[in-house]
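# Architecture at a glance
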Amino acid sequence: MTTRLLANRREVLASVASIIGAAALPATALAEAPASPIGSFLTDQRFLTAFCDTLIPRGEAGGAVAAKVPQTFIQLMIEWASAERRQRFATVLEELAEALSHSSGKHYAELRPAERLSRLQALDAQAYSSDPPDLASGYRDLKSLLVDIYYLSEVGATRELRYEETPGRWNPREPVTADTKTWVV
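### Details of the overall build of the protein chain
- The helix and strand inventory of the protein chain stands at nine helices and zero strands.
- Mapped from its N terminus to its C terminus, the protein chain presents α and β elements in the order α-α-α-α-α-α-α-α-α.
- Residue burial in the protein chain is summarised as follows: out of 185 residues, 28% are buried.
- When contacts within the protein chain are restricted to residue pairs at least 6 apart in sequence, long-range pairs at least 24 apart make up 56% of them.
- Working note: accessible area of the protein chain is about 12900 Å², and carbon and sulfur atoms make up 55% of it.

### What about the pattern of salt bridges?
- A full pass over the atoms with the stated rule returns six salt bridges.
- Between Glu 110 and Arg 46 there is a salt bridge, with its nearest N and O atoms 3.6 Å apart. One end of the pair, Glu 110, is in the loop between α6 (83-101) and α7 (113-127); the other, Arg 46, is in helix α3 (residues 45-55), and 64 residues separate them in sequence.
- By relative accessible area, which is 47% here, Glu 110 ends up partly exposed.
- Look at Arg 46 and you get partly exposed, because its relative accessible area is 44%.
- For Lys 143, the salt bridge goes to Asp 124, with nearest N and O atoms at 2.8 Å.

### Points about unusual backbone geometry
- Unlike most non-glycine residues, Lys 68 shows phi in positive territory, near 60°.
- Position of Lys 68 among the secondary structure elements: in the loop between α4 (63-66) and α5 (69-79).

### Here's the deal with α3
- Counted residue by residue, α3 has eight buried out of eleven residues, so it is predominantly covered.
- Listed as buried for α3 are Phe 47, Leu 48, Ala 50, Phe 51, Cys 52, Asp 53, Thr 54 and Leu 55.
- Residues of α3 that are buried sit in contact with α4, α5, α6, α7 and α8 (136-152).

### Regarding α8
- Taking 1.5 Å per residue as the helical rise, α8 with its 17 residues ought to reach 24 Å, and the 24 Å between its terminal C-alpha atoms agrees with that figure.
- All of the buried residues along α8 are Ala 136, Gly 138, Tyr 139, Leu 142, Lys 143, Leu 146, Ile 149 and Tyr 150. Angular distribution of buried residues about the axis of α8 spans 160°; they occupy a single face of the element.
- Against α3, α4, α5, α6, α7 and α9 (154-160) lie the buried residues of α8.

### A look at the confidence of the model for the protein chain
- In the predicted model, the protein chain carries a mean pLDDT of 80, and the fraction of residues at 70 or more is 72%.
- Averaged pLDDT values over the elements of the protein chain bottom out at 53 in helix α2 (residues 37-41) and peak at 94 in α3.
- Below pLDDT 50 for its whole length, residues 33-39 participates in four contacts with residues either more than four positions away or in separate chains.

### Structural notes on the packing of α7 against α8
- Remark: α7 packs on α8, axes separated minimally by 9 Å, with the N-to-C direction vectors making an angle of 115°. For the element pair α7 / α8, the angle class is roughly perpendicular. The two elements α7 and α8 cross, and the hand of that crossing is left-handed. In this structure, α7 uses Leu 120, Leu 123, Asp 124 and Ala 127 to contact α8, whose residues at the interface are Ala 136, Tyr 139, Arg 140 and Lys 143.
- Of the residues belonging to the contact of α7 with α8, the class tally is five nonpolar, no polar and three charged.

What counts and what doesn't
Residues numbered from 1 in each chain as written. Predicted model: local features only at pLDDT ≥ 70, side-chain atom pairs only at ≥ 80, totals over all residues. Heavy atoms only, no water. Helix = DSSP H or I, 4+ residues; strand = E, 2+ residues; numbered from the N terminus. Buried < 20%, exposed > 50% of the residue type's maximum accessible area, 1.4 Å probe, protein only. Contact = heavy atoms within 4.5 Å. Areas by Shrake-Rupley, 256 points an atom, 1.4 Å probe, with all protein chains shown as cover. Salt bridge = Lys/Arg side-chain N within 4 Å of Asp/Glu carboxyl O. Expected span 1.5 Å × (residues − 1). Arc of directions from axis to C-beta. pLDDT = per-residue confidence, 0-100. Axes fitted to C-alpha atoms, helices over the stretch in contact; angles between N-to-C directions. Parallel < 35°, antiparallel > 145°, perpendicular 65-115°, else oblique. Left-handed = near helix turned anticlockwise from the far one by under 90°. Nonpolar A, V, L, I, M, F, W, Y, C, P; charged D, E, K, R; others polar.

Below, the structure written as structure tokens:
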């Protein structure tokens, strides 16, 4: 009889602990998780990768794709951005994909790198002109965020920019040449 009573006490304590633990959780913790956060945010990851590769192409430092800018951007949107910001960037990406692909009938990622670059340069010129298209504000924000992600990455900060933990003496007459790199601070 004593053994059964102990089992009951253990069951009661376990039940009480479960109730207390469940009460401490936020209400959304028990809600159903979304099926695919990437799918709910981004419908065309190929475009984002091609766009980043064109914006910051492969070079000595490796470029945006080597620095995993597309993946970092998606992760930021899923884990950090508000629903409103996530939706805004998803809309901008869809509009950009349509604007940069529409005249050839091919997907932007399928175009040759030179053709992707010329289309992006034309869009860039329009976006920073005195009469920008409706898409310009979102494009400029996206471009700025992707460039920031690149230069905050290890690849961008250490291979493309000059990084020294303690840069040494400041010399205002330091000669600037084509090989001079910008400092990371």
